[in-house]
Amino acid sequence: MTTVNFKREIFQIDLDFRTVEDLLEQSSGELTEDITNLLSTHQESLESNVKSMVSINKILEGEIETINKEIKNLIEKIKIKERLIEIIKECLVHVVTKYGYDGKSGNKKLDYDNVKLYTVSSKSVFIKDEFNFNNPDYTFYNLKEKVSSTLKTELENLLTEKGLSSTFSKSISKELIKEAINDGKIVEGAEIITKQSIRVK
């Protein structure tokens, strides 16, 4: 039974019970045999519809649970395949770097018939210990808006004085760190690393 049919059935039941109420008013509240039979019929119809809706609801909930389990399994399979792709690319980078020839841009290339591979270099900031990295120039804490380490400490003290607990989410600005290191500054606990990735034509 569709949602539209359910609503139609419930609407009809409401109308039926209103009819019973009207008949009771007309009979000055006397429960005649006709009204009793009509009321019994409507109650049976209501019971049938309620049981039907509860049954279908349980079926739908079961189907949703099954679908969610399938989604979870599919996500796990995707993660496994993504990790496998990463491993394959790491192997290809190793092979092309070791056995490939030098490209014009200083990268490495390797050609096999209709397969052409070449490495691409990219630089990124590596934080040795992100959990304990608290350099106030590059570390921010979010309450509802981003704040500096100094302001975070002031807010914590203020909240503590008020008897309130504070929860901040931490974020490290790797862009600022990268700019600082490129400008010749030393950022303790952070460095720029060069990573090789592979491209296939």
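Located above this text is the structure these notes cover.
Just so it is clear, the model here is predicted, and its values are computed rather than measured.

(A) Molecular detail of the nonpolar core. Listed in full, the nine residues of the largest apolar core are Val125, Ile127, Phe133, Tyr138, Ile172, Ile177, Ala180, Val187 and Ala190. Among the elements of the structure, β3 (115-127) and α4 (174-182) are those that each provide at least two residues to this core. In this structure, Tyr138 is in contact with Phe133, Ser171, Ile172, Ser173, Leu176, Ile177, Ala180, Lys185 and Val187, ignoring residues within four places of it in sequence. Counting five residues, the second largest nonpolar core, distinct from the first, contains Val93, Leu110, Leu117 and Ile198.

(B) How the structure looks around the pairing of β3. Across four bridges, strand β2 (residues 108-112) lies against β3 in antiparallel orientation. Bridge pairing in β3 places Tyr112 opposite Val115. Taking the residues that link successive antiparallel strands as the turn, the β2-β3 hairpin has two residues, and the phi of Asp113 there is positive, at about 50 degrees.

(C) View of the sheet that holds β2. The strand order across the open sheet formed by four strands is β1-β2-β3-β7, and the pairing between neighbours is antiparallel. Only two strands of the sheet have a single partner each, and these edge strands are β1 (101-102) and β7 (190-200). Relative to β2, β1 runs antiparallel, the two sharing two bridges. Within the sheet, the bridge partner assigned to Asp102 lies in β2 and is Lys108.

(D) Spotlight on the side chain of Asn107. Among the secondary structure elements, Asn107 is positioned in the loop between β1 and β2. According to the relative accessible area criterion, Asn107 is buried, its value standing at 11%. Of note is the side chain of Asn107, whose polar atom sits 3.2 Å from the side chain of Ser105. A distance of 3.0 Å separates the side chain of Asn107 from the backbone oxygen of Thr119, its partner in a polar contact. Excluding anything up to four places from it in sequence, Asn107 contacts Tyr101, Asp102, Tyr118 and Thr119.

What counts and how
- Residues numbered from 1 in each chain as written.
- Predicted model: local features only at pLDDT ≥ 70, side-chain atom pairs only at ≥ 80, totals over all residues.
- Heavy atoms only, no water.
- Core = buried A, V, L, I, M, F, W, Y, C linked by side-chain atoms within 4.5 Å.
- Buried < 20%, exposed > 50% of the residue type's maximum accessible area, 1.4 Å probe, protein only.
- Helix = DSSP H or I, 4+ residues; strand = E, 2+ residues; numbered from the N terminus.
- Contact = heavy atoms within 4.5 Å.
- Pairing = 2+ DSSP bridges.
- Polar contact = N/O pair within 3.5 Å; in protein donor to acceptor, adjacent residues only side chain to side chain.

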